Amino acid sequence: MCGIVGAIARCNVVPILLEGLKRLEYRGYDSAGVAVLNASGLERVRSTGRVAELEKLTQAQGLSGNIGIAHTRWATHGAPEERNAHPHVSGGVSVVHNGIIENHEAMRARLRAKGYVFVSDTDTEVIAHLVNSNLQAGVTLFEAVRKSVVELVGAYAIAVVSESDHDHLVVARHGAPLQLGVGDGENFAASDTSALIQVTQKVIYLEDGDVAEITLGGVTIVDAKGDTVERAVHVSQLSAAAVELGNYQHYMQKEIFEQPIAVANTLEMVTSAQSISPQLFGAAAGEVFRDIDSVLILACGTSYHAGMVARYWIEGFAGIACNVEIASEYRYRESVPNPRALVITISQSGETADTLAALQHAKELGHRYSLSVCNVPESALIRASDLRFLTRAGPEIGVASTKAFTTQLAALALLTMVLAKMRGRLSTEREAGLLKALRHLPIALQSVLHVEPQIRMWADKFAQRHHALFLGRGIHYPIAMEGALKLKEISYIHAEAYAAGELKHGPLALVDKYMPVVAIAPQDALIEKLKSNLQEVRARGGELYVMADQDTKLTSSDGVHVIRMPDHAGLLSPILHTVPLQLLAYHVALERGNDVDKPRNLAKSVTVE
Ligand code: G6P
């Protein structure tokens, strides 16, 4: 989604701002812009193209300045046109904004009545006019911004500069991430650490309600109550190399191939151990896990699919009732709270607005226990949860989530083992066996990656199609859903997943020779039933693409394409079966010439609802 970068330095900040934007491109955007202050006053350049386009425009114009703000916009209010791109301007004031201002219509009417003219359809423009109008009282920019944010309803992170003051950059946040970068005689702000590491590793995470004034020499932060506060300076562990492409063509490709190491890193602390303990999830986890009587999982997108897999594990192995809900549904529906349920939120970014709000809602309903499984250590979700497990996938840049998903599954498998052990459902022998399987998981993932040449052949055929069906049964049904999601996200082919037993209840009507059907066929208790489902598809001329375990005796024949999965992984089978589906989506998108890492209309971190 939208990205913010701000900088004040003795040098020209335009290259820093543009480099920051490039590092935020992965979040998804449809226009970009930059504004700086220099001897001629406020200068702004905007473009509906990529950041590279914007860079060319700034070079052509010779844009330069020691203080500035920049933005990548993912359209919410108003089409992706240049007039709606940030920064927005009112007189000498310029603003970039992430989030949504919910009371923008009322504010717009008020500001219009004062004579302000609106030239965009955005909610952001009201902030520019509001700050401008508050500046008229002769206060500092800092005071004008502080006065303005009190009137804003909604979620926002903003950065503001004013022609009247070349020494101060002012930022504020409420419900959308924003951090400061601390330099030496220069300082920065950004919505994401990855935009800052080009200039500094020292980061201050602003809290909700904070307004900060940034100068060459330092920062002053005032909290929601109006008190000046000190916020800790963190040294970010993010390395510049971790967000670079290296030898790969796309981030998604890199991230698919990083899965063995990402999973190994995530499980590092358990794979050398002889047994597992609740402390892996936080110091108080033992006590909490003993008291809970059920589990409620809340998440969005791919993370929701991880939760669906976990339900099969948690109920099947640990014997604990488990519900999984889409966060955006849960937060607005009337549900029956159970204070003894463990509320688990799953999120790659830890910044997804609906997941954060769902957790908040669960707490307000009286849920006592929360655990988050998350990939970003300093994220809002981690800070809002009592217990936490960090997946150590490293930064995930591709919009379509890959290594975050498999590491989430590894974490959730571990959680299931801990819960099962505490419920007396895991013998020492079984625990040792499962630990062995976890230790083997990175190697098993590595061997699954070798199916890529066969998947490329499948991709050739899929690229011509308009629709696809994905079938799975039991714990592989959510994996079919994840496969369908990957395909639609980046190839734009309409794909749907069904629990294979549902085939006859509707989707079979769609099957003909133009409908490729992907089936996940591990050697489990449901394999014979799945084979019957596949016959039903074949009988209607549907082309089958099957990922089958060795023992299933499924072989390729006319209209049936079988890929043999190299390893039979038992409990961990869903993790392995995910990989070929990721590769399939990747190669189909490549065939179709799509922007794999930045699919149209989608964003990496959905920080607005
Ligand atoms: C967006 C991303 C998805 C992701 C979902 C949830 O839609 O494009 O890849 O699964 O958000 O994000 P989270 O960071 O909470 O896992």
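A. Representation of the overall build of the chain. Tallying secondary structure elements over the chain gives 19 helices and 25 strands in all. For 609 residues, the compact-globule estimate of 2.2 N^0.38 gives 25 Å, and the C-alpha radius of gyration of the chain, at 26 Å, lies within 12% of that figure. The C-alpha extent of the chain, read off along each of the three principal axes, is 80 × 55 × 45 Å. Put simply, the chain has 609 residues, and 59% of those count as buried. Long-range contacts, defined as pairs at least 24 residues apart, comprise 72% of the intrachain contacts of the chain with a sequence gap of at least 6. Of the roughly 23000 Å² of accessible surface on the chain, 50% is carried by carbon and sulfur atoms. The averaged location of the 66 negative side-chain charges in the chain is 5 Å from the averaged location of its 56 positive side-chain charges.

B. Expanded view of the packing of aromatic side chains. Under the defined criterion, the tally for this structure stands at five aromatic pairs. Here the aromatic residues Phe281, Phe289 and Phe389 are joined through ring pairs into a cluster of three or more. Positioned above the aromatic ring of Phe142 is the side chain of Arg146, whose terminal nitrogen or guanidinium carbon lies 5.8 Å from the ring centre. Seen from the ring of Tyr492, Arg600 lies directly overhead, with NZ or CZ sitting 3.8 Å from the centre.

C. Representation of the environment of Leu365 within the structure. Among the secondary structure elements, Leu365 is positioned in the loop between helix H12 (353-364) and strand S19 (369-374). Taking relative accessible area as the criterion, Leu365 reaches 31% and is therefore assigned partly exposed. Considered as a pair, Leu365 and Pro339 are 26 residues apart in the sequence and their alpha carbons are 8.3 Å apart. Contact partners of Leu365, with chain neighbours within four places excluded, come to Tyr330, Ser335 and Pro337.

D. Focus on the site of the ligand. The environment of the ligand is made up of 13 residues, and the closest members are Ser303, Ser347, Gln348, Ser349 and Thr352. Here an oxygen atom of the ligand and a side-chain polar atom of Thr352 are 2.5 Å apart. Ala603 places a polar main-chain atom, nitrogen or oxygen, 2.8 Å from an oxygen atom of the ligand. Burial of the ligand by the surrounding chains reaches 89%, relative to a free accessible area of 390 Å².

E. Examining the pattern of salt bridges more closely. Counted by the stated rule, this structure contains 22 salt bridges. A salt bridge links Glu258 to Lys403; its shortest N-O distance comes to 2.7 Å. Taken together, the positions of Glu258 in the loop between helix H6 (251-257) and helix H7 (259-266) and Lys403 in helix H14 (residues 403-422) put the pair 145 residues apart, joining distant regions of the chain. Across the pair, exposure class does not vary: Glu258 and Lys403 are buried alike. When salt bridges with common partners are traced through the structure, they connect Glu81, Arg83 and Asp121 into a single cluster.

F. Focus on the nonpolar core. Of all hydrophobic cores here, the largest spans 92 residues; its most connected members are Phe289 and Phe470. It is H14 that provides the largest number of residues to this core, a total of 12 residues. Among the domains, domain 2 (251-426) and domain 3 (451-591) are the pair contributing at least three residues each to this core. With residues near it in sequence (within four places) discarded, Phe289 still touches Pro278, Phe281, Leu342, Leu387, Leu415, Val418, Leu419, Met422 and Arg423. One finds Ile127, Val131, Phe142 and Ile158 within the second-largest nonpolar core, a separate group that totals 26 residues.

G. Fine view of the packing of helix H16 (residues 452-462) against helix H19 (residues 573-591). Contact geometry of H16 with H19 gives a least axis separation of 8 Å together with a crossing angle of 50 degrees. Relative to H19, the element H16 lies oblique. Between H16 and H19 lies a crossing of right-handed hand. For the pair H16 and H19, the contacting residues are Glu452, Ile455, Arg456, Trp458, Ala459, Asp460 and Phe462 in the first and Pro580, Leu583, Leu584, His587, Val588 and Glu591 in the second. Taken together, the residues that form the contact of H16 with H19 break down as eight nonpolar, one polar and four charged.

H. Spotlight on the side chain of Asp597. With respect to the helices, strands and loops of the structure, Asp597 is situated in the segment after H19. No salt bridge is formed by the buried Asp597; its nearest oppositely charged neighbour, Lys598, is found at 5.7 Å.

I. Examining the packing of helix H10 (residues 301-318) against helix H17 (residues 477-491) more closely. Running from N to C, H10 and H17 point in directions that differ by 170 degrees, and their axes come no closer than 8 Å. Relative to H17, the element H10 is oriented roughly antiparallel. Every residue of H17 that contacts H10 at Gly301, Thr302, His305, Met308, Val309 and Tyr312 is listed here: Tyr477, Pro478, Ile479, Met481, Glu482, Leu485 and Lys486. Here the contact of H10 with H17 is built from residues that sort into eight nonpolar, three polar and two charged.

J. Fine view of the environment of Ser349. The topology assignment puts Ser349 in the loop between strand S18 (341-347) and H12. Between the alpha carbons of Ser349 and Ser379 there is a distance of 7.0 Å; along the sequence they are 30 residues apart. Those residues within four positions of Ser349 in sequence are excluded, and the remaining contacts are Cys374, Val376, Ser379 and Ser605. At a separation of 3.1 Å, a polar atom in the side chain of Ser349 contacts the main-chain amide nitrogen of Glu351.

K. Focus on the sheet that holds strand S14 (residues 228-229). Taking strand neighbours across the sheet as the criterion, the seven strands line up as S5-S6-S7-S8-S12-S13-S14 in an open arrangement whose pairing is antiparallel. Every interior strand has two partners, whereas the edge strands, strand S5 (88-90) and S14, have only one.

L. Summary view of helix H5 (residues 141-149). For H5, the complete set of buried residues consists of Leu141, Phe142, Ala144, Val145, Ser148 and Val149. Taken around the axis of H5, the buried residues stretch over an arc of 165 degrees, which confines them to a single face. Buried residues belonging to H5 abut helix H4 (124-135), strand S7 (154-162), strand S8 (165-174), strand S12 (211-214) and strand S13 (219-222).

M. Spotlight on the environment of Arg27. Locating Arg27 in the fold gives a position in the loop between helix H1 (14-24) and strand S2 (31-38). Discounting chain neighbours no more than four positions away, the residues touching Arg27 are Met1, Cys2, Ser191, Asp192, Leu602, Ala603, Lys604, Ser605 and Thr607.

N. Structural context of the domain arrangement of the chain. On domain assignment, one finds that the chain holds domain 1 (3-243), domain 2 (251-426) and domain 3 (451-591). Here the C-alpha centre of domain 3 lies 27 Å away from the C-alpha centre of domain 2. Of the roughly 1900 Å² buried between domain 2 and domain 3, counting both surfaces, carbon and sulfur atoms make up 77%. Connecting domain 2 to domain 3 are nine residue pairs in polar contact (both at pLDDT 80 or more). Of all the elements in the fold, those that place two or more residues in the side of domain 2 that touches domain 3 are H6, H10 and H14. Top contributing element to the side of domain 2 that touches domain 3 by residue count: H10, with eight residues. Residues of the side of domain 2 that touches domain 3, tallied by class, amount to 13 nonpolar, eight polar and no charged.

What counts as what
- Residues numbered from 1 in each chain as written.
- Predicted model: local features only at pLDDT ≥ 70, side-chain atom pairs only at ≥ 80, totals over all residues.
- Heavy atoms only, no water.
- Helix = DSSP H or I, 4+ residues; strand = E, 2+ residues; numbered from the N terminus.
- Rg over C-alpha atoms; globule rule 2.2 N^0.38 Å.
- Buried < 20%, exposed > 50% of the residue type's maximum accessible area, 1.4 Å probe, protein only.
- Contact = heavy atoms within 4.5 Å.
- Areas by Shrake-Rupley, 256 points an atom, 1.4 Å probe, with all protein chains shown as cover.
- Lys, Arg positive; Asp, Glu negative; His and termini not counted.
- Charge placed at Lys NZ, Arg CZ, Asp CG, Glu CD.
- Phe/Tyr/Trp six-rings, centres within 6.5 Å; stacked < 30°, edge-to-face > 60°.
- Lys NZ or Arg CZ within 6 Å of the ring centre and 35° of its normal.
- Near = heavy atom within 4 Å.
- Polar contact = N/O pair within 3.5 Å; in protein donor to acceptor, adjacent residues only side chain to side chain.
- Salt bridge = Lys/Arg side-chain N within 4 Å of Asp/Glu carboxyl O.
- Core = buried A, V, L, I, M, F, W, Y, C linked by side-chain atoms within 4.5 Å.
- Domains from an automatic or database assignment.
- Axes fitted to C-alpha atoms, helices over the stretch in contact; angles between N-to-C directions.
- Parallel < 35°, antiparallel > 145°, perpendicular 65-115°, else oblique.
- Left-handed = near helix turned anticlockwise from the far one by under 90°.
- Nonpolar A, V, L, I, M, F, W, Y, C, P; charged D, E, K, R; others polar.
- Pairing = 2+ DSSP bridges.
- Arc of directions from axis to C-beta.
- Buried area = accessible area lost by both parts, 1.4 Å probe.

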